[in-house]
Amino acid sequence: MNIYTSPTRASSTARPYLPALATESRSTDNSSIDDNCEAVPCLSMEVCKVYPKGPLLVLPERIYLFSEPTVGEILPFDVVINVAEETQDLQTQVPSIEYYHYRWEHDSDIGTDLALLTSIMRTAAAERKKILIHCQCGLSRSATLVIAYIMKFHHLSLRRAYDLLKSRADKISPAMGLVFQLMEWEAALKATPSAQASDYRKLP
Ligand SMILES: N[C@@H](Cc1ccc(OP(=O)(O)O)cc1)C(=O)O
């Protein structure tokens, strides 16, 4: 079990079960991706060295996952989505970048934001923009958003989307409360399959 348990959520609720089985095969394009995600434990909120080589390309449409970046680290990006309450808002320092800061905590209600942010990502990807998704450690909140994107625009179940991202960024561990919301997201996507048909894009 590699799902990060938020300290703000009691363990009274049933645990969603997403065993970390990397069932997706890696494409040639992404063969070097895992090399960037070294086995460096995220020891504290202050020291999140999960991506020691910088932002990690996790999806072929130029979508990268990362922990809290410096100004210099976001400069190469066209779009930055920061989904951590506690991270620094860099918007004023990078006026040329399309910058979004959604102040998620580990137990935030993110359902509405998922719809909006995945659409923003999709639009940016269609415009061939380079997109950075980050939170503080790049393990839970930002990973949740990327999983939601994969589910919606690559038509994968939560389990398969999680396994896919895990195969490319093996330290991800969405907080349990966020996994529950991804389960709701999955149900909502299933209820409106026709709305996604034109957005379908096959993963290489
Ligand atoms: N608190 C954890 C590290 C951690 C911090 C934040 C975190 O969330 P996110 O990836 O959403 O910034 C996940 C994990 C530890 O002590 O190892």
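In the nomenclature of an unreviewed UniProt entry, the protein is known as protein-tyrosine-phosphatase of Saccharomyces pastorianus. The Sequence similarities (unreviewed entry) comment attached to the protein in UniProt states, word for word, "Belongs to the protein-tyrosine phosphatase family. Non-receptor class dual specificity subfamily."

Colleague: Would you mind going over the pairing of strand S4 (residues 98–101) with me for this structure?
Modeller: Each regular strand shows side chains that alternate between the opposite faces of the sheet. In S4, alternate side chains face the same way, and those of Tyr99 and His101 are buried while those of Glu98 and Tyr100 on the opposite face are not. By the bridge criterion, four bridges tie strand S3 (residues 79–82) to S4 in an arrangement that is parallel. Bridging across to S4, valine 80 finds its partner in tyrosine 99.

Colleague: Even after reading the chapter, I still don't get the sheet that holds strand S5 (residues 131–134), so can you show me in this structure?
Modeller: Sheet strands associate in pairs through backbone hydrogen bonding, adopting either a parallel or an antiparallel arrangement. The strand order across the open sheet formed by five strands is S1-S2-S5-S3-S4, and the pairing between neighbours is mixed. What marks the edges here is a single partner per strand, and that holds for strand S1 (56–59) and S4. Taking each pair of neighbouring strands and ignoring which way they run, the sheet shows an average axis angle of 25°. Set on the sheet, helix H3 (residues 141–153) makes contact with S1, strand S2 (63–66), S3 and S5; between it and S2 the angle comes to about 155°. Seen against the sheet, helix H4 (residues 158–168) touches S1 and S2 and runs at an angle of roughly 155° to S1.

Colleague: Sorry, what's going on with the UniProt feature "domain: Tyrosine-protein phosphatase" (unreviewed entry) in the protein here?
Modeller: Here, UniProt's "domain: Tyrosine-protein phosphatase" (unreviewed entry) annotation points to residues 54–191. Segment residues 54–191 splits into 43% helix and 14% strand. End C-alpha atoms: 37 Å apart.

Colleague: Help me understand the side chain of asparagine 82 in this model?
Modeller: Following the sequence through the fold, asparagine 82 ends up in strand S3. You can call asparagine 82 buried: its relative accessible area is 0%. One polar contact links the side chain of asparagine 82 to the main-chain carbonyl oxygen of glutamine 88, over a distance of 3.4 Å.

Colleague: I would appreciate a short explanation of the UniProt feature "domain: Tyrosine specific protein phosphatases" (unreviewed entry) in the protein in the present structure.
Modeller: The positions UniProt marks with the feature "domain: Tyrosine specific protein phosphatases" (unreviewed entry) are residues 112–168. Overall, residues 112–168 shows 68% helix and 7% strand. The separation of its end C-alpha atoms is 26 Å.

Colleague: Which parts of the structure should I look at to understand the pattern of salt bridges?
Modeller: Per the counting criterion, the structure on display carries six salt bridges. Note that arginine 141 and glutamate 86 form a salt bridge whose closest N and O atoms lie 2.7 Å from each other. Placement of the pair is arginine 141 in helix H3 and glutamate 86 in the loop between S3 and S4, with a sequence separation of 55 residues. Looking at arginine 141, the relative accessible area reads 2%, which means it is buried. Among the residues examined, glutamate 86 registers a relative accessible area of 32% and is labelled partly exposed. As a salt-bridge pair, lysine 129 and glutamate 98 come within 3.2 Å of each other at their nearest N and O atoms. Of this pair, lysine 129 sits in the loop between helix H2 (111–126) and S5 while glutamate 98 sits in strand S4, and the two are 31 residues apart along the sequence. Judged by relative accessible area, lysine 129 falls into the partly exposed class, the value being 23%.

Colleague: Explanation requested: the nonpolar core in the structure shown.
Modeller: A general tendency of soluble globular proteins is for nonpolar side chains to be buried together. Residues Val58, Ile81, Leu145, Ile147, Leu165 and Ile172 are the most contacted members of the largest nonpolar core, which totals 58 residues. Sorting elements by how many residues they give to this core places H3 first, with nine residues. When neighbours within four sequence positions are excluded, leucine 165 is seen to be in contact with Val58, Leu65, Ala143, Val146, Ile147, Ile150 and Ile172.

Colleague: Is there a simple way to think about H2 in this case?
Modeller: Residues lying three or four places apart along an α-helix face the same way, a consequence of the helix completing one turn every 3.6 residues. In this model, H2 (16 residues) spans 23 Å end to end at C-alpha, consistent with the 22 Å of a helix rising 1.5 Å per residue. Note on H2: the residue one or two positions beyond its end, arginine 128, has a positive phi of about 60°.

Cut-offs applied
Residues numbered from 1 in each chain as written. Predicted model: local features only at pLDDT ≥ 70, side-chain atom pairs only at ≥ 80, totals over all residues. Heavy atoms only, no water. UniProt positions renumbered as here; feature names shortened; annotations may be inferred. Buried < 20%, exposed > 50% of the residue type's maximum accessible area, 1.4 Å probe, protein only. Helix = DSSP H or I, 4+ residues; strand = E, 2+ residues; numbered from the N terminus. Pairing = 2+ DSSP bridges. Axes fitted to C-alpha atoms, helices over the stretch in contact; angles between N-to-C directions. Contact = heavy atoms within 4.5 Å. Polar contact = N/O pair within 3.5 Å; in protein donor to acceptor, adjacent residues only side chain to side chain. Salt bridge = Lys/Arg side-chain N within 4 Å of Asp/Glu carboxyl O. Core = buried A, V, L, I, M, F, W, Y, C linked by side-chain atoms within 4.5 Å. Expected span 1.5 Å × (residues − 1).

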